[in-house]
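# A closer look at the structure
Spelled out from the first residue to the last, the chains are:
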Amino acid sequence: MSALHRQDGDLHLESVRLADVARRFGTPCYVYSRAAIEASWRAFDEALAGTDHLVCYAVKANSNLAVLGVLAALGSGFDIVSGGELARVLAAGGRADRVIFSGVGKGEAEMRAALAAGIRCFNVESEPELERLDAVAGALGVRAPVSLRVNPDVDARTHPYISTGLKGNKFGIAHDRALAAYELAARLPNLEVTGVDCHIGSQILETAPLEEALERVLDLAAAVAARGIPLRHVDVGGGLGIRYREEEQAPDIRRWCETLARRVAGTGYGLVLEPGRAIVGNAGVLLATVEYLKLDKGKRFAIVDASMSELIRPALYEAWHDIVPLAAAAREEAEYDVVGPVCESSDVLGTARRLALAPGDGLAILSAGAYGMVMSSNYNSRPRPCEVMVDGARAVGVRARESVDSLFAGERTLD
Ligand SMILES: *Cc1c(COP(=O)(O)O)cnc(C)c1O
């Protein structure tokens, strides 16, 4: 994590001491670095400077308004998957004409809202969705710009839960049906076919499958053009992985973008990208405090105040997050399973971690900027944590911690 460093033993994000953030805002607490978010977005944008392109940040990775606002100020586009995400983008100052709308199950109200806002493109994932969008656009008296998300049948070689480009997956239109789907789209009067899209999965650590998918999509675009339907842009989706642990090697953003730029040079297609994790993943941490140290049959547990309710990735994907102390302590190290208070055996944040701990110590769970807060829940009636953005030497609360009262404010008992 680039904006993270130690100074006199204390962990800092940019110029802010994280122990101070924990004290001021309490734990558990998500903290994001503005500089780190900007640096990774710019890595995409600058490497594509010579190419017609739009970097559309995938909002689902982290949809806090402050994150979206920082990106909107850079001129980012946004990839959304719901009407809720559209509302967030607009509330954060994002431009509707830089929004693309992905997802397999767009509702009519979501389509209407996106058409009324004037988004750039709908990534359509099925024939019935084409027909619904045509009808909704017709009723509003507008034409909907569409790109078809095709399933290139490429193995992203990532965790099966986050692999989306294989046959038999719910996402996209099968490659062998794509031409017919384009012909249908071209016939429908209220649609304007503008591009082609694919997204084969997430946390992809080698670019070969991404390149293979791009080749298939470019072949398809040529075949579509040969049927008299010229396309203007190719959307390569997101999925670029990040480094969660030392031993891991993640693709370099600039090098990947240079590969893309070389491949589309001379084709006339504009490039659209939908990176989520690669922009925010390593720009955020989750702060926690050690509640108890528990010894059980020779196994040591560090029970902390963060859990799978705040960060579900370890429980859901057996994902690894580095866990480090906020302050260096002159204590003996031991091996701990770092676990939360939630009543599930899967409520683990990290297993077999060598740490020097005492109750009350602060910890940072690293690389938690993507798919952290957005996947949090109120399981066990736990209020969602607060979120803080660091900007140089200041730490700004960008979402308040939920109150317990708010958790059941919409509920009632029977008379
Ligand atoms: C999730 C998703 C993304 C972003 O994926 P990352 O792995 O976070 O880059 C982009 N496009 C679509 C369609 C998605 O579903």
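Above this text you will find the structure in question.
The following refers to the structure shown.

## A look at the pairing of strand S15 (residues 299–304)
Bridge count for strand S14 (residues 284–296) against S15 is 6 bridges, and the pairing is antiparallel. When the sheet's bridge partners are listed, Asp296 is paired in S15 with Lys299. Count of turn residues in the S14/S15 antiparallel hairpin: 2 residues, of which Lys297 carries a positive phi of about 45 degrees. In this structure, S15 lies alongside strand S17 (residues 334–339), joined through 4 bridges in parallel fashion. By the bridge assignment, Ile303 is partnered in S17 with Val339.

## Examining the pattern of salt bridges
On inspection of all chains with the given rule, the structure shows 24 salt bridges. A salt bridge links Glu310 to Arg382; the nearest nitrogen and oxygen atoms lie 3.2 Å apart. Of this pair, Glu310 sits in the loop between S15 and helix H11 (313–317) while Arg382 sits in the loop between strand S19 (362–365) and strand S20 (386–391), and the two are 72 residues apart along the sequence. Using a relative accessible area of 1% as the deciding quantity, one classes Glu310 as buried. The residue Arg331 makes a salt bridge to Asp361 at a minimum N-O spacing of 2.8 Å. Taken together, the positions of Arg331 in the loop between strand S16 (323–325) and S17 and Asp361 in the loop between strand S18 (348–355) and S19 put the pair 30 residues apart, joining distant regions of the chain.

## A look at the sheet that holds strand S3 (residues 16–17)
Read across the sheet, 3 strands follow the order S1-S2-S3 without closing on themselves; strand pairing throughout is antiparallel. Pairing within the sheet leaves two strands with one partner each, and these edge strands are strand S1 (4–7) and S3. Sheet topology note: the strand S2 (residues 10–13)/S3 ladder contains 2 bridges and is antiparallel. Looking at the pairing, His12 lines up with Arg17 of S3.

## As for the site of the ligand
The ligand sits among 14 residues. The nearest are Lys60, Ser202, Glu274, Arg277 and Tyr371. With respect to the ligand, the side chain of Lys60 contributes an N or O atom lying 2.7 Å from an oxygen atom. Separating a nitrogen atom of the ligand from a side-chain N or O atom of Asp79 is a distance of 3.2 Å. Taken by itself the ligand offers 390 Å² of open surface, and the protein chains cover 94% of this.

## As for the environment of Asp176
Among the structural elements, Asp176 can be located in the loop between strand S10 (173–174) and helix H7 (178–187). You can call Asp176 exposed: its relative accessible area is 71%.

Conventions used here
Residues numbered from 1 in each chain as written. Predicted model: local features only at pLDDT ≥ 70, side-chain atom pairs only at ≥ 80, totals over all residues. Heavy atoms only, no water. Pairing = 2+ DSSP bridges. Helix = DSSP H or I, 4+ residues; strand = E, 2+ residues; numbered from the N terminus. Salt bridge = Lys/Arg side-chain N within 4 Å of Asp/Glu carboxyl O. Buried < 20%, exposed > 50% of the residue type's maximum accessible area, 1.4 Å probe, protein only. Near = heavy atom within 4 Å. Polar contact = N/O pair within 3.5 Å; in protein donor to acceptor, adjacent residues only side chain to side chain. Areas by Shrake-Rupley, 256 points an atom, 1.4 Å probe, with all protein chains shown as cover.

Shape is all these values report; function is a separate question.
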